[in-house]
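Notes for the structure review
Chain residues, written in single-letter form:
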Amino acid sequence: MSQLPTFTFQPLRVTARMASGFASANPWGIALDGLLASELRGIQKALLTGLGQEIVGAMDSDDPPDLRLPLARCTLSPTWHWAATCCQPSHPDVRPEVRMWTARVDARHLEQTTSYLPKVVSDRQGRYKAHRMPLLVTPATTLTWQAVGDIDAITDLLNGISAIGKKRSQGEGHVLAWEVTALDVDDFTAAHCHPDGTLGRPTPTECLATRPELRTHLGMAGLRPPYMHPSRRAQAYLPEAAGAA
């Protein structure tokens, strides 16, 4: 049997040098543990597919298993979370800009995938209508995360990620380079705060029992991957949105 890797945890900082910025549905940025979980799941999925094994989607399970990420766990709350923050853009006070994306059906493609086409395929209504949708993009030259984890293992996973956020196939969120370095702060700060000292991730109320200066507004949020799964949601203090200042 293959032996599980041994991780050495320490406070660290992750920096992504960006081509232009990133698009995200989360107002407080992209979570580092989400990036690592997505990349690790992709690797495992490829291995299982090669072995002919069935893959169950994380959202299709009542209680999805937690992947073994190279991050420490914060257990100050009954609902634990990984010791890692969401990203902080290089200019956190700059408001996101609205870009538009469009989509329409390729009639030539339809001709190749069906034996019958109506005389007119409407692009104004129905399932084949054209779309013109807004996309919020946060401009940034760099993105920064803090965490408590294994530098080498995190670097290996991040080096396989070339783009982050939404609309990656359309060129958004392109990462030029990753850098992971040791950080001289305590574990709590590395796990919960941005470099400027503000709250850096959705944080359970119990985590901030002795840190009232970090408390923000309360809301429901996912605490660890898969973030959209109901079992991962809990009441938490929420970080400020980018450009909110």
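Bear in mind the structure is a predicted one, so any value in this text is a computation, not a measurement.

**A short note on the packing of aromatic side chains**
Taken as a whole and judged by the stated rule, the model has three aromatic pairs. With centroids separated by 6.2 Å and ring planes inclined at 35 degrees, the aromatic side chains of Phe7 and Phe9 adopt a geometry described as tilted. The ring of Trp80 is capped by Arg73, whose NZ or CZ atom sits 3.9 Å from the centre of that ring.

**Quick notes on the environment of Thr198**
Take Thr198: it is sitting in the loop between helix H4 (187-192) and strand E10 (203-204). Given the relative accessible area of 37%, Thr198 is considered partly exposed. Each C-alpha atom, one on Thr198 and one on Thr216, is 9.6 Å from the other, the two residues being 18 residues apart in sequence. Other than its neighbours up to four places away in sequence, Thr198 contacts Gln88, His192, Cys193 and Leu214.

**A few points about the sheet that holds strand E6 (residues 97-103)**
In sheet architecture, strand pairing relies on hydrogen bonds along the backbone and comes in two forms, parallel and antiparallel. Pairing in this open sheet of three strands is antiparallel, and the strands run E2-E7-E6 from one edge to the other. Looking along the sheet, the strands with just one partner apiece sit at the ends: strand E2 (21-23) and E6. Averaged over all adjacent pairs, the angle separating strand axes in this sheet is 40 degrees, with direction ignored. By the bridge criterion, three bridges tie E2 to strand E7 (residues 131-139) in an arrangement that is antiparallel. Of the residues in E7, the one forming a bridge with Ala23 is Val137.

**Points about helix H3 (residues 151-158)**
Of the positions making up H3, those classed as buried are Ile151, Ala153, Ile154, Leu157 and Leu158. Along the long axis of H3, the arc covered by the buried residues comes to 170 degrees, so they all point the same way. In H3, the exposed positions that point more than 90 degrees away from the buried face belong to Asp152 and Asp156. On its buried face, H3 sits against strand E1 (10-18), helix H1 (32-50), strand E8 (142-149) and strand E9 (175-182). Residue Asp150 occupies the N-cap position of H3, its side-chain oxygen lying 3.2 Å from the main-chain nitrogen of Asp152.

**Regarding the state of the cysteines**
For the structure on display, the rule yields zero disulfides. Note on Cys86: no disulfide assigned, nearest cysteine sulfur contributed by Cys87 at a separation of 7.0 Å.

**Comments concerning the pairing of E1**
Pairing between E1 and E8: eight bridges, direction antiparallel. What sits directly across from Pro11, in E8, is Val148. Two elements, E1 and E9, share seven bridges in a ladder whose sense is antiparallel. Its bridge partner lying in E9, Leu12 is registered against Ala182.

**Regarding the side chain of His229**
Tracing the sequence through the fold places His229 in the loop between strand E11 (218-222) and strand E12 (233-237). By relative accessible area, which is 5% here, His229 ends up buried. Within the structure, His229 has its side chain in polar contact with the side chain of Ser231 (distance 2.8 Å). What His229 contacts, discounting residues up to four positions off in sequence, is Ala58, Met59, Ser61, Asp62 and Pro64.

**Focus on the environment of Cys207**
Among the secondary structure elements, Cys207 is positioned in the loop between E10 and E11. Judged by its relative accessible area of 3%, Cys207 is buried. Look past the residues within four positions of Cys207 in its chain and what remains in contact with it is Cys74, Leu76, Ser77, His81, Phe188 and His192.

Here is what the cut-offs are and how they apply
- Residues numbered from 1 in each chain as written.
- Predicted model: local features only at pLDDT ≥ 70, side-chain atom pairs only at ≥ 80, totals over all residues.
- Heavy atoms only, no water.
- Phe/Tyr/Trp six-rings, centres within 6.5 Å; stacked < 30°, edge-to-face > 60°.
- Lys NZ or Arg CZ within 6 Å of the ring centre and 35° of its normal.
- Helix = DSSP H or I, 4+ residues; strand = E, 2+ residues; numbered from the N terminus.
- Buried < 20%, exposed > 50% of the residue type's maximum accessible area, 1.4 Å probe, protein only.
- Contact = heavy atoms within 4.5 Å.
- Pairing = 2+ DSSP bridges.
- Axes fitted to C-alpha atoms, helices over the stretch in contact; angles between N-to-C directions.
- Arc of directions from axis to C-beta.
- Polar contact = N/O pair within 3.5 Å; in protein donor to acceptor, adjacent residues only side chain to side chain.
- Disulfide = S-S within 2.5 Å.

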